[in-house]
Structures are given as structure tokens and as C-alpha cells.
Amino acid sequence: MNIDYQDRNIFETDYIFRIQTFEQYLENPMSSQEHYANYKAGLVPNIFYGHNMAEVLLLFRSEFDAVKAGLDRYEEDNNNDFPMLKSYVNTERELRSILDEDQLRDYTALLERSFDNQKTDAKAAAVSRFFLSTPILNSYIFQIEKIFGKGILD
């Protein structure tokens, strides 16, 4: 990945696109907490369909609720996108703590490949819109703490 995610403009473009992707998902009549969790897990079934599947689905359901609530409150909350950003970052952090060592290794490698191939592979593009690779996750943490203060995500 040769994109400078420390650049604030790229960071903002990326997270705005993520939020817009979620808004488009909500327009689908099938959208729901359960559908979202299963869809997201289904993007990388060879990694998530394991002994910790129940925890992964619970995490994705929680992410759905947090991002949807952030969108619902967005305009009333002075266009505050922090709750959605926090949800994306903390979901990825929590996911990495749920996965066992082998799953985490496979997950990390898959995300790197997906982000590198997202322009030529539809599945890779979907993975890159719903998950944060390690460099992007670190950039999100850096930018959020730079804007909102260190430790705000904890």
C-alpha cells in the first residue's frame, strides 16, 4: 500500500467514503443489525467462521448499532462524526483481540492484499470498505487523537 494515510485529506476522504458506504447499505430494505453482521463476516468466511464466530458477530452487531446511532444523531449533534469514527476504530481493535494468532495473521494478509487490489477486484473492494488494514487503522488512531485528544478512543 503506497498511500500516505497520515495525510489528513486522504484520511478524511477515506472515512467519509466509509460512512457513505454504510448509508448506502442502510437504504437496502434487507439492512438490519443481523444482516450487517452476517454480511461483514461473510466477506472473509475462511477467517471468521471459526471457534470465535459468536464473538465476531456480536462485535459487528454492536458496530452496526453504533454507526447507525451516529448517523441518526449526526445533524442534531452539530455534524459530529466522532461516534462513527470511534466505532470503526474500536471495532477493528476489538476484532484483533478476538482473533487467535492464526486468524490474525490470515486477516492481516488478506486486508493488505484487498487494499492493494481493490481497484481490480470487486470482493477486495468490499473488504476494503468494511475493514481497516493495520496502516489505515493506525492512521485513523493518529488522526482522531490529533483532532480530539490522546486517549479519546479508550
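Counting restarts for each chain: residues are numbered from 1 in the order of the written sequence. Predicted model: local features are reported for residues with pLDDT of at least 70 only, side-chain atom pairs are reported and counted for 80 or more only, and whole-chain, interface and lining totals are derived from all residues. Side-chain metrics in this entry use all non-hydrogen atoms of the structure; hydrogen atoms and water are not considered.

**Description of the nonpolar core**
In terms of nonpolar packing, the biggest core is built from 43 residues, with Phe48, Phe60, Leu95, Tyr107, Phe131, Tyr140 and Ile144 touching the most fellow members. Those elements that provide at least two residues to this core are helix H1 (8-27), helix H2 (33-42), helix H3 (45-48), helix H4 (53-73), helix H5 (82-98), helix H6 (101-117), helix H7 (122-130) and helix H8 (134-148). Here a strand is any run of E in DSSP of at least two residues, a helix any run of H or I of at least four, and the numbering for each starts at the N terminus. A total of eight residues in this core trace back to one element, the largest contributor, which is H4. Only buried residues count toward a nonpolar core, which is a set of Ala, Val, Leu, Ile, Met, Phe, Trp, Tyr and Cys residues joined through side-chain atoms within 4.5 Å. Whether a residue is buried, partly exposed or exposed follows from its accessible area with a 1.4 Å probe, protein chains only, as a fraction of its type maximum: under 20%, in between, or over 50%, in that order.

**Remarks on a nonpolar patch on the surface**
Residues enter patches when their relative accessible area tops 30% and they take part in no salt bridge; the joining distance is 9 Å for like charges and 5 Å for the nonpolar side chains Val, Leu, Ile, Met, Phe, Trp and Tyr. Residue burial considers only the protein chains on display, and all accessible areas are found by Shrake-Rupley using a 1.4 Å probe. The salt bridge definition used is simple: a Lys or Arg side-chain nitrogen within 4 Å of an Asp or Glu carboxyl oxygen. Together, Ile147, Phe148 and Ile152 give the surface a local cluster of nonpolar side chains, amounting to about 220 Å² of exposed area. Position of isoleucine 152 relative to the elements: it lies in the segment after H8. On the basis of relative accessibility, which here comes to 31%, the residue isoleucine 152 falls in the partly exposed class.

**A look at unusual backbone geometry**
A positive phi angle, near 60°, is found at asparagine 78, a position not held by glycine. In this fold, asparagine 78 is placed in the loop between H4 and H5. We classify asparagine 78 as exposed; its relative accessible area is 69%. The phi dihedral of asparagine 79 falls on the positive side, at around 55°, and the residue is not glycine. Position of asparagine 79 among the secondary structure elements: in the loop between H4 and H5. A residue is classified by how much of its surface remains accessible, and asparagine 79, at 43% relative accessible area, is partly exposed.

**Considering H6**
Look at H6: 24 Å from first C-alpha to last across 17 residues, which is about the 24 Å you get at 1.5 Å a residue. Buried within H6 we find Gln103, Tyr107, Leu110, Leu111, Ser114 and Phe115. For H6, the angular spread of the buried residues around the axis is 125°, confining them to a single face. Its buried side turned inward, H6 meets H1, H3, H5, H7 and H8. Pairs of N or O atoms are called polar contacts if they sit within 3.5 Å, as long as, within protein, a hydrogen donor faces a hydrogen acceptor (for residues adjacent in sequence, only side-chain-to-side-chain pairs). You can read the cap of H6 off the contacts: a side-chain oxygen lies 3.1 Å from the backbone nitrogen of aspartate 102, and it is on aspartate 100. Multiplying 1.5 Å by the helix residue count minus one yields the expected span of that helix. Here the arc refers to the set of directions running from the helix axis out to each C-beta atom. By definition, residues are in contact when any of their heavy atoms lie within 4.5 Å.

**Re the environment of threonine 108**
Mapped onto the elements, threonine 108 comes out in helix H6. Among the residues examined, threonine 108 registers a relative accessible area of 29% and is labelled partly exposed. Remark: the alpha-carbon pair of threonine 108 and leucine 132, spanning 24 residues in sequence, is separated by 9.6 Å.

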